[in-house]
Amino acid sequence: MANFIVSYDLNGPRPSHKEVDDLLARAGVARGRVLETVWWVDYQGTAGSLYDLVAAIFHREDRLMVCECVAAAWDNLLVTDESLKKAWSNAA
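What counts, and where the lines are drawn
- Residues numbered from 1 in each chain as written.
- Predicted model: local features only at pLDDT ≥ 70, side-chain atom pairs only at ≥ 80, totals over all residues.
- Heavy atoms only, no water.
- Helix = DSSP H or I, 4+ residues; strand = E, 2+ residues; numbered from the N terminus.
- Buried < 20%, exposed > 50% of the residue type's maximum accessible area, 1.4 Å probe, protein only.
- Contact = heavy atoms within 4.5 Å.
- Lys, Arg positive; Asp, Glu negative; His and termini not counted.
- Salt bridge = Lys/Arg side-chain N within 4 Å of Asp/Glu carboxyl O.

*Asks:* Where do I start with the overall build of the chain in this structure?
*Replies:* Looking only at helices and strands, the chain features three helices and four strands. Counting across all 92 residues of the chain, residues that qualify as buried make up 30%. A separation threshold of at least 6 residues defines the contact pool for the chain, and within that pool the share at least 24 residues apart is 67%.

This is the structure in structure tokens:
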């Protein structure tokens, strides 16, 4: 598994933030919203395949970026459990 950051801007009525979360849940990936429209995702595939998965529900006016990450520093995120910290330490 690799750690990814998925960041997006929704510029239409759909998808909603919940629909993005539901999509990631159906894909069976570990994830957590770290900021309002920024997700940490622990995913077995590539950045491109994760992008394709998420982009499938987005529209032309929406914005999406997927980055694979090998190191991070953070404070005061929305993720409240230890899953993010554990995933990063496993990747190091």
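Still more ground to cover, so stick around.
*Asks:* Help me out: how do you make sense of the side chain of Asp62 in this one?
*Replies:* Its location among the elements puts Asp62 in the loop between α2 (47-55) and β4 (63-69). Within the buried core, Asp62 has no salt-bridge partner, and the shortest N-O distance to an opposite charge, that of Arg63, equals 7.6 Å. Among all residues touching Asp62, those that are not within four sequence positions of it are Asp9, Leu10, Asn11, Gly12, Arg14 and Pro15.

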